[in-house]
Amino acid sequence: MKGHPGHLAVDDTRQERATARRMVPALAAALAGELVRRADEERHLMQQARVDPTSPCRGALHKCREANAEALRTIVRRHGWPTADLVGAPASTAALMILLHAGDLDFQLRCRDLIAQAAADGRCPALHHAYIADHCAVEEGRPQFYGTRVDPLTLRPYPIRRPQTLDERRRDVGLGPLDEQMRTLCEGG
């Protein structure tokens, strides 16, 4: 697997973890600031595009997302996944938001695996893994596991794997029951 473009080799992942543990606080703070700034800029452009869905607004949002994804790729390549213990919870959440809008499924899949390991190690919230795992499953045409993805046309969750135990899995990662999420969504909250 080493040297195969688009995949992180096992040795690369170990090296990223070691690099992340050695990161100086000033670098971690700079990365945190950059991630939050980028996520805030995207959020602002998304709000503008909702109010004014013209081509220029949508184009600016698309360019922002591409630039954010490239910046996140660089961060992950150099330092590993920006975990909450490394860059703080707000910046780690900002990185997740950037990743979810990256538009590069291969990159999202690689990061999903890094996030899964970080969540298992207690270095980032399990909720982060739930969101990216569901995102990747839906993008691959597979049932999601936590029910976090909702079809915007039907306002119903995309297919869910083993729905009979869904709320238990959701509780395990800090999510409320799906019916509460759907009620909040339908109420516009």
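To keep things clear, this report deals only with the structure shown in the data block. All of these numbers come straight from a predicted model, not from anything done at the bench. (Residues numbered from 1 in each chain as written. Predicted model: local features only at pLDDT ≥ 70, side-chain atom pairs only at ≥ 80, totals over all residues. Heavy atoms only, no water.)

## Remarks on the pattern of salt bridges
Evaluation of the coordinates by the stated rule reveals 11 salt bridges. Salt bridges linked by common partners bring Glu34, Arg37, Arg38 and Glu41 together as one network. (Salt bridge = Lys/Arg side-chain N within 4 Å of Asp/Glu carboxyl O.)

## Examining the packing of helix α5 (residues 89-100) against helix α6 (residues 105-120)
Two measures define how a pair of helices packs: the angle their axes make with one another and the distance between the axes. One can describe the packing of α5 onto α6 by two numbers: an axis separation of 10 Å at closest approach and a directional angle of 150°. Compared by their axis directions, α5 and α6 come out roughly antiparallel. The chirality of how α5 crosses α6 is left-handed. Listed contacts from α6 to Leu96, Leu99 and Leu100 of α5 are Phe107, Gln108, Cys111 and Ile115. In terms of residue class, the contact of α5 with α6 is built from 6 nonpolar, 1 polar and no charged. (Axes fitted to C-alpha atoms, helices over the stretch in contact; angles between N-to-C directions. Helix = DSSP H or I, 4+ residues; strand = E, 2+ residues; numbered from the N terminus. Parallel < 35°, antiparallel > 145°, perpendicular 65-115°, else oblique. Left-handed = near helix turned anticlockwise from the far one by under 90°. Contact = heavy atoms within 4.5 Å. Nonpolar A, V, L, I, M, F, W, Y, C, P; charged D, E, K, R; others polar.)

## Quick look at the packing of α5 against helix α7 (residues 126-139)
Direction vectors running N to C along α5 and α7 enclose 5°, while the axes themselves pass 11 Å from each other. Compared by their axis directions, α5 and α7 come out roughly parallel. Contact residues: α5 offers Ser92, Thr93, Leu96, Leu99 and Leu100, while α7 offers His128, Tyr131, Ile132 and His135. Here the contact of α5 with α7 is composed, by residue class, of 5 nonpolar, 4 polar and no charged.

## A short note on the packing of aromatic side chains
A full pass over the atoms with the stated rule returns 1 aromatic pair. Taken together, a centroid distance of 5.2 Å and an interplanar angle of 85° make the contact between phenylalanine 145 and tyrosine 146 edge-to-face. Tyrosine 146 gets classed as buried once you look at its relative accessible area, which sits at 11%. Looking at arginine 73, its charged tip hangs above the ring of phenylalanine 107, at a distance of 5.1 Å from the centre. Seen from the ring of phenylalanine 145, arginine 169 lies directly overhead, with NZ or CZ sitting 4.0 Å from the centre. (Phe/Tyr/Trp six-rings, centres within 6.5 Å; stacked < 30°, edge-to-face > 60°. Buried < 20%, exposed > 50% of the residue type's maximum accessible area, 1.4 Å probe, protein only. Lys NZ or Arg CZ within 6 Å of the ring centre and 35° of its normal.)

## Description of the environment of arginine 169
By the secondary structure assignment, arginine 169 is in helix α8 (residues 166-172). We classify arginine 169 as buried; its relative accessible area is 8%. C-alpha of arginine 169 to C-alpha of glycine 147: the two residues are 22 residues apart in sequence and 9.6 Å apart in space. Ignoring sequence-local partners within four residues, the contact set of arginine 169 consists of Phe145, Tyr146, Ile160, Arg161 and Arg162. A distance of 2.5 Å separates polar atoms of two side chains, one belonging to arginine 169 and the other to threonine 165. (Polar contact = N/O pair within 3.5 Å; in protein donor to acceptor, adjacent residues only side chain to side chain.)

## Things to note about the nonpolar core
Core analysis: the biggest nonpolar cluster contains 30 residues, and Leu35, Leu72, Trp81 and Leu99 have the highest contact counts within it. Take this core: its biggest share by element is 7 residues, from α5. When residues no more than four places from it in sequence are discounted, the contact partners of leucine 72 are Leu35, Trp81, Pro82, Ala95, Ile98, Leu99 and Phe107. Counting 6 residues, the second-largest nonpolar core is a separate cluster that includes Leu45, Ala49, Leu61 and Cys64. (Core = buried A, V, L, I, M, F, W, Y, C linked by side-chain atoms within 4.5 Å.)

## Topic: the side chain of serine 92
Its place among the elements puts serine 92 in helix α5. Engagement of the side chain of serine 92 in a polar contact is seen with the backbone oxygen of proline 82, the distance being 2.9 Å.

## A closer look at unusual backbone geometry
Both trends apply: most residues other than glycine have a negative phi, and most peptide bonds are in trans. Although it is not a glycine, leucine 155 sits at a positive phi angle of roughly 55°. Mapped onto the fold, leucine 155 is located in the loop between β1 (150-151) and β2 (156-157). Note on leucine 155: relative accessible area 38%, which makes it partly exposed. Of note in this structure, arginine 162 is not a glycine but carries a positive phi near 45°.

So, to be careful, I would describe these as geometric facts and stop short of saying anything about function.
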